[in-house]
Amino acid sequence: APYAIVFDEGGGEGMPHNGTIEGAARALGKRCFSSELGGGGRLTPDSVAAARRAALGLLRHVGALAGPPPAGSRSLLLTLTRPENYVATPCGGLFAPRVRLGQEVPKGQVLGEVCRLEEPGFPLQPARALCDGVVVALAATGRVAAGATLAFVAEAP
C-alpha cells in the first residue's frame, strides 16, 4: 500500500472517528489495525490484493507469521494525530474537490469549495488545509452537511 497511517486519538476532542473500529477498540483499551481500500465503499482486485499484502506483512512484522515481509512492501508512514489533520466543511452544500488523493498540500491550500445552495448567487466557501501534508481522504459524496469532515491531511512523523 502506498501509505501506512497511524491514528492516535487519545485526546478525543475534535477527532472524527467515533463509531469506527478504531473507536471501539480504544473504548475496550485495545489497539487495532484496519485498512482503507480506496474509499467510497468500493473494492477492486487491486485494493483487495493491497489489503492482503499489508495484513500479511504486518503479521510477519509483529512475529505472528514466519518469514520476511514481501519484497517492495515499504509504505510511506504518515500520521493523523491532531485535530488539524481533519478538515470540516465550513457550511452545508455541494462539495467540489480541487485536490486528488495522494497529493501533497501546504497549509492554507484550498482543498475544495462548498457551494451554498440556499443562498442567492450560490456563493462558494473554500475549505483549506489546516497543516502541511498528504491528502489521504476526501468526501465521497457531493452533498455535505455543515461540520462534516471533507478531507484528512496526514503528516509525516
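Reading the values: rules and limits
Residues numbered from 1 in each chain as written. Predicted model: local features only at pLDDT ≥ 70, side-chain atom pairs only at ≥ 80, totals over all residues. Heavy atoms only, no water. Phe/Tyr/Trp six-rings, centres within 6.5 Å; stacked < 30°, edge-to-face > 60°. Helix = DSSP H or I, 4+ residues; strand = E, 2+ residues; numbered from the N terminus. Buried < 20%, exposed > 50% of the residue type's maximum accessible area, 1.4 Å probe, protein only. Core = buried A, V, L, I, M, F, W, Y, C linked by side-chain atoms within 4.5 Å. Contact = heavy atoms within 4.5 Å. Patch = residues over 30% accessible without salt bridge, like charges linked within 9 Å, V, L, I, M, F, W, Y side chains within 5 Å. Areas by Shrake-Rupley, 256 points an atom, 1.4 Å probe, with all protein chains shown as cover. Salt bridge = Lys/Arg side-chain N within 4 Å of Asp/Glu carboxyl O. Pairing = 2+ DSSP bridges. Expected span 1.5 Å × (residues − 1). Arc of directions from axis to C-beta.

### Looking at the packing of aromatic side chains
Describing an aromatic ring pair means giving the distance of the ring centres and the angle of the ring planes.
So, point 1. Counting across every chain of the model gives one aromatic pair.
So, point 2. Arranged with centres 4.9 Å apart and planes meeting at 85°, the rings of Tyr-86 and Phe-152 form a pair that is edge-to-face. With Tyr-86 in strand β3 (residues 86-88) and Phe-152 in strand β10 (residues 149-154), this residue pair connects regions lying 66 residues apart in the sequence. Neither Tyr-86 nor Phe-152 differs from the other in exposure class; each is buried.

### Concerning the nonpolar core
So, point 1. If you look at the biggest cluster of nonpolar residues, it comprises 15 residues, and the most contacted ones within it are Val-87, Val-105, Leu-111, Val-114, Leu-150 and Val-153.
So, point 2. The dominant element in this core, judged by the number of residues it contributes, is β10, at three residues.
So, point 3. Ignoring any residue separated from it by four or fewer positions in sequence, one finds Leu-150 in contact with Val-87, Ala-88, Thr-89, Pro-90, Phe-95, Val-114, Ala-127, Ala-137, Leu-138, Ala-139 and Val-144.
So, point 4. Within the second largest apolar cluster, seven residues are counted, among which are Leu-78, Tyr-86, Phe-152 and Ala-154.

### As for a nonpolar patch on the surface
So, point 1. Nonpolar side chains collect at one region of the surface, where Phe-33, Leu-58, Leu-59, Val-62 and Leu-65 lie side by side and expose about 410 Å² of accessible area between them.
So, point 2. Residue placement: Val-62 occurs in the loop between α2 (45-61) and β2 (76-80).
So, point 3. Residue classification places Val-62 among the exposed positions, given a relative accessible area of 56%.

### Topic: the sheet that holds strand β9 (residues 143-144)
So, point 1. Taken together, four strands build an open sheet; the order of strands is β7-β6-β4-β9 and the sheet is antiparallel. Across the chains shown, the open sheet's two edge strands, defined by having one partner strand only, are β7 (124-128) and β9.
So, point 2. Direction of pairing for strand β6 (residues 110-115) relative to β7: antiparallel, over a ladder of five bridges. Along β7, the bridge assignment pairs Glu-113 with Pro-126.

### Description of the pattern of salt bridges
So, point 1. In the structure shown here, the tally under the stated rule is five salt bridges.
So, point 2. Glu-84 serves as the salt-bridge partner of Arg-82, at 3.3 Å between the closest nitrogen and oxygen.
So, point 3. Note that Glu-118 and Arg-143 form a salt bridge whose closest N and O atoms lie 3.6 Å from each other. In this pair, Glu-118 is assigned in the loop between β6 and β7 and Arg-143 in strand β9, connecting sequence segments 25 residues apart.
So, point 4. Since its relative accessible area comes to 59%, Glu-118 is described here as exposed.
So, point 5. Among the charged side chains, a salt-bridge network with shared partners connects Arg-82, Glu-84 and Glu-155.

### Points about α2
Every α-helix carries 3.6 residues per turn, so stepping three or four residues along brings you back to the same face.
So, point 1. In a regular helix each residue adds 1.5 Å, so 17 residues correspond to 24 Å; α2 covers 24 Å between its end C-alpha atoms and thus fits that length.
So, point 2. Listed in full, the buried residues belonging to α2 are Ser-47, Ala-50 and Gly-57. For α2, the arc enclosing every buried residue in end-on projection is 95°, short of the 170-degree limit, so these residues lie on one face. Exposed residues pointing more than 90 degrees away from the buried face of α2 are listed as Pro-45 and Arg-52.
So, point 3. Gly-63 occupies a position one or two residues after α2 and carries a positive phi of about 85°.

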